[in-house]
Amino acid sequence: MELIYRWFLSFIIYSFLGWVCETAHCSIGARKFVNRGFLHGPLCPVYGVGALLVLWLLPKDPKDTLSLFLSAILVTTVLEYLTSVILEKLFHMKWWDYSRYKFQINGRVCLLNSLMFGALATVLVRFINPEVQGLLSAVPASVLPWICLVLLAAVLLDTFLTVRELLELKGKLQQMHKLLSEIKEKTDMQKLHLQLTVEQKLSKLKSGDLESKEPVSIRERISELNRKLSELERGKIHTHILKAFPNLSSSRYEGALDRLKERLQARKKL
């Protein structure tokens, strides 16, 4: 059981170090602090999972650094690709996109990142993990369960709040997408009606295909839809997710997501 506690603490430590690396990298690029984390707290769980996989699957004391480096590239690349696929399937959003990079696969992974992750994993196995395990071994066995319990409770609570926020965001995007689609449909109908000649309108009225009050009803419906859309946009924008992942995209809810991003930018300027 003690071994499980130490592995869990290793996961927390490497999730935190991953958050530090991601936040530093993005903050330097943006020239401002960016909390680059999936969770609200200072943890990037994918780094913790990646570190444990590397430590479990790769030799602990490899003689060939090149073999370690190449193996680490394979493990971390597969993990990043699968994480991207799973998150997109769950929430219908793409959290990162490497399409603009050379040597990339479906925008989910790219050679540059794979090389960096391979290098980090090699340093982890050779230098960082021995130090971390040395520190953890100094923690009294009687204290380990309590530390793990507190940390586990914090991580579970953060995960619950984050997933709830993501589901709320997904629901809002679905509603906005539906409204935008109907607004487009009604607007197209209105344009088509305006393009009809007087003779065509009279002909359709006689045949019963066109109601005389149709333009008014369409305008009223478009106004009602725009009002509902504005109410959704004025509500909670889920700033944590949009700030942490500014390149977040969605092929299914593209227009709705863009509007939320614009609303967030407008709030920043106030």
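Here goes a summary of the coordinates provided. None of the values given here were measured: they were computed from a predicted structure.

Calculation criteria
Residues numbered from 1 in each chain as written. Predicted model: local features only at pLDDT ≥ 70, side-chain atom pairs only at ≥ 80, totals over all residues. Heavy atoms only, no water. Salt bridge = Lys/Arg side-chain N within 4 Å of Asp/Glu carboxyl O. Helix = DSSP H or I, 4+ residues; strand = E, 2+ residues; numbered from the N terminus. Buried < 20%, exposed > 50% of the residue type's maximum accessible area, 1.4 Å probe, protein only. Expected span 1.5 Å × (residues − 1). Contact = heavy atoms within 4.5 Å. Patch = residues over 30% accessible without salt bridge, like charges linked within 9 Å, V, L, I, M, F, W, Y side chains within 5 Å. Areas by Shrake-Rupley, 256 points an atom, 1.4 Å probe, with all protein chains shown as cover. Core = buried A, V, L, I, M, F, W, Y, C linked by side-chain atoms within 4.5 Å.

**Digging into the pattern of salt bridges**
Part 1 of the reasoning: Tallying each qualifying case throughout the model produces seven salt bridges.
Part 2 of the reasoning: Notably, a salt bridge pairs Glu 2 with Arg 6, separated by 2.5 Å at the nearest N-O pair. Of the two residues, Glu 2 and Arg 6 are both situated in helix α1 (residues 2-30); the distance of four residues between them amounts to about one turn of the helix.
Part 3 of the reasoning: Under the relative-accessibility criterion, Arg 6 is labelled buried at 13%.
Part 4 of the reasoning: When salt bridges that share partners are traced, they join Glu 182, Arg 221, Glu 224 and Lys 228 into one network.

**A word on helix α2 (residues 45-57)**
Part 1 of the reasoning: With 13 residues, α2 should reach 18 Å at 1.5 Å per residue; the first-to-last C-alpha distance of 18 Å fits that figure.
Part 2 of the reasoning: Taken together, the buried positions of α2 are Tyr 47, Gly 48, Gly 50, Ala 51, Leu 52, Val 54 and Leu 55.
Part 3 of the reasoning: Where α2 is buried, its residues contact α1, α3 (65-91) and α4 (111-137).

**So, a nonpolar patch on the surface**
Part 1 of the reasoning: A contiguous nonpolar patch, built from Phe 16, Leu 17, Val 20, Val 123, Phe 127 and Ile 128 and spanning about 480 Å² of accessible area, is present on the exposed surface.
Part 2 of the reasoning: The set of elements that each furnish at least two residues to the nonpolar patch consists of α1 and α4.
Part 3 of the reasoning: Along the chain, Phe 127 falls in helix α4.

**A few points about the nonpolar core**
Part 1 of the reasoning: Formed by 26 residues in total, the largest nonpolar core has its most connected members in Met 93, Trp 95, Leu 173 and Leu 248.
Part 2 of the reasoning: Counting residues per element, this core draws most heavily on helix α5 (residues 144-195), which supplies six residues.
Part 3 of the reasoning: Once residues within four sequence positions are removed from consideration, Trp 95 is found in contact with Phe 38, Leu 87, Glu 88, Leu 166, Ile 241, Phe 245 and Leu 248.
Part 4 of the reasoning: Formed by 23 residues, the second largest nonpolar core is a distinct cluster that contains Leu 68, Val 75, Leu 144 and Cys 148.

**A closer look at the environment of Ser 137**
Part 1 of the reasoning: Tracing the backbone shows Ser 137 in helix α4.
Part 2 of the reasoning: The spatial distance from the C-alpha of Ser 137 to the C-alpha of Arg 6 is 8.2 Å, given a sequence separation of 131 residues.

Everything listed here is a matter of geometry and, on its own, says nothing about what the molecule does.
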